[in-house]
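One-letter residues, chain by chain:
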Amino acid sequence: MDRLKLAVFGLKNAGAAATRNMNQKGFLDMLLLIENGTVINPGDGTELKADVLVEDGKIKKIGPKQKMKADRVVDAAGCYVMPGFIDMHVHLRDPGQEHKETVETGSQAAARGGFTTIVAMPNTKPVVDNADVVNYVHNKAKDVRRVHVLQTGAVTRGQRGEELADIEAMVEAGIPAISEDGKTVMNAQLYREAMTLAVKYDIPVLSHCEDVNMAGAGVVNADKAMKKMKFAGISNAVEDVIIARDIMLAKDTGAALHLCHCSTKDSVRLVELAKQEGIRVTAEACPHHFTLTSEDIPGDDANYKMNPPLRTKEDVQALKEGLKAGIIDVIATDHAPHTAIEKGVGIKRAPFGIVGLETAAALVMTELVNQGYLTVMQMAGKMSYNPAKILGLDKGVVEEGKPADLVVFDPKKQYVIDPSEFYSKGKNTPFAGRKVKGVVMATIVDGKVVYEK
Ligand code: DOR
Ligand code: ZN
Ligand code: ZN
């Protein structure tokens, strides 16, 4: 049967082709046709009604009505065909906390969210501070064969902030970036040395900006609403002072600095200033930070607890304006799965973090595109093209000859977020019951349909 198909499509080397695009059911996806959609290509800013023909994992042809007889057809009528989303900020909990998430469940959640590449943070158990752990994650992702998983390396050994991790060996093992996420390297001299290495190996540094001493025992934003609830606060300055420091370190070393989960109004101003100065800095914002304020916290519910915390209306407005103006380059999720038991103990004692992979695209559509802050093209820029550029990946565009990492996204379909439908093991979201618009209809990785609604 496979041989017959191969003959029909005129492929010479059946053996080689057979190892290529085996989908979950074991069928070959040699020719995939995505028809009737609107193609969004942030590579050159074009939007056009066209069919996309995919062969052997690559985009073969983009154009009007492809007459080709394909092995598989995805009907994208009423949908955008966009470059697959790239999430630069995901916590997979593998190795060590597989009860929260694994490479497999995280990859499935990613595919359901329209992500074709995810970047995993190193705060696992053990910490990803050497090549062995990098290889472990990358090999697992290869076995799972769902989305591309890129593992970052920690900046310091054990994330203890005392000595540098084995960055050179991790670069050889294929890390796309270094990051101490979950923590800040509080020793500026040590971080400076790490940035110098990042320049040497031509990789970006992804910064979690939090002055741990100032943060103290804070659990929510330091504001009036939170004071009323008697929770210890995390001020904007906790984030802003480290953002300012890291920008200066980037200026000093020439490193490509990427600021994770910016949440304050002054973070936007600092990034704008740094860019004006020509410093190599990019910034990301997360859907929860541009959607919710601390006033949305309904009570002692740890599904609203994350780090950095939900801020004020002013901060949220500044983030939206910063996204619109292009000061904030990237939308990433900071997908941070935790169990219901861990999250059930109240804001004071529960761990920081919420899941995000399966709600991000709809929140961007609902909160930013439909509210006039972003065009769909800009959405594709911040969720795919810009992350690809920052990470140095040959992705983020919909162009002939490029890898067929694509998402078919219906912007009009409305639904209510229901965590019980998540593929992620983590159900910890503040968005349960929220009405949103925008559904991922299909996700395609290397020409293979890895998710279809
Ligand atoms: O909310 C967060 N959760 N922020 C972080 O920095 C770490 C993350 C986690 O690993 O749970
Ligand atoms: Zn972080
Ligand atoms: Zn994080």
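What you are looking at is a predicted structure, and each value in this text was computed from that prediction instead of being measured.

Definitions and cut-offs
- Residues numbered from 1 in each chain as written.
- Chains lettered and ligands numbered in written order.
- Predicted model: local features only at pLDDT ≥ 70, side-chain atom pairs only at ≥ 80, totals over all residues.
- Heavy atoms only, no water.
- Donors = N, O, S within 2.8 Å, 3.2 Å for Na, K, Ca; no water.
- Tetrahedral: all angles 85-135°; square planar, octahedral: opposite > 155°, others 65-115°.
- Helix = DSSP H or I, 4+ residues; strand = E, 2+ residues; numbered from the N terminus.
- Buried < 20%, exposed > 50% of the residue type's maximum accessible area, 1.4 Å probe, protein only.
- Near = heavy atom within 4 Å.
- Polar contact = N/O pair within 3.5 Å; in protein donor to acceptor, adjacent residues only side chain to side chain.
- Areas by Shrake-Rupley, 256 points an atom, 1.4 Å probe, with all protein chains shown as cover.
- Nonpolar A, V, L, I, M, F, W, Y, C, P; charged D, E, K, R; others polar.

A. The coordination of the zinc ion (ligand 3), seen in detail. Protein ligation of the zinc ion (ligand 3) involves His89 (NE2), His91 (NE2), Asp181 (OD) and Asp334 (OD), the donor distances falling in the range 2.0 to 2.2 Å. Coordination at the zinc ion (ligand 3) is irregular: its four donor atoms span angles of 85 to 171° at the metal. Here the donor residues of the zinc ion (ligand 3) share one chain and are spaced in sequence as H-x1-H-x89-D-x152-D. Taken as a pair, the zinc ion (ligand 3) and the zinc ion (ligand 2) show a spacing of 3.4 Å, with aspartate 181 coordinating each metal. With a gap of 92 residues between them, histidine 89 in strand 6 (residues 85-90) and aspartate 181 in the loop between strand 9 (178-179) and helix 6 (188-201) connect regions that are remote in the sequence. Accessibility assignment for this pair places histidine 89 and aspartate 181 in one class, buried.

B. Geometry of the coordination of the zinc ion (ligand 2). Donor atoms from the polypeptide that bind the zinc ion (ligand 2) are Asp181 (OD), His208 (ND1) and His261 (NE2), placed at 2.0 to 2.1 Å. Relative to the metal, the four donor atoms surrounding the zinc ion (ligand 2) lie at angles of 82 to 124°, and the coordination shape comes out irregular. Each donor residue of the zinc ion (ligand 2) lies on one chain, and together they are spaced D-x26-H-x52-H.

C. A look at the site of ligand 1. Surveying the vicinity of ligand 1 reveals the residues His91, Arg93, Asn123, Gly182, His208, Met306, Asn307, Asp334, Ala336, His338, Phe352 and Gly353. Between an oxygen atom of ligand 1 and a side-chain N or O atom of histidine 91, the distance comes to 3.4 Å. In the model, a nitrogen atom of ligand 1 is placed 2.9 Å from a nitrogen or oxygen of the asparagine 307 main chain. For ligand 1, whose unbound accessible area comes to 290 Å², protein coverage reaches 93%. Residue composition of the shell around ligand 1, grouped by class: three nonpolar, seven polar and two charged.

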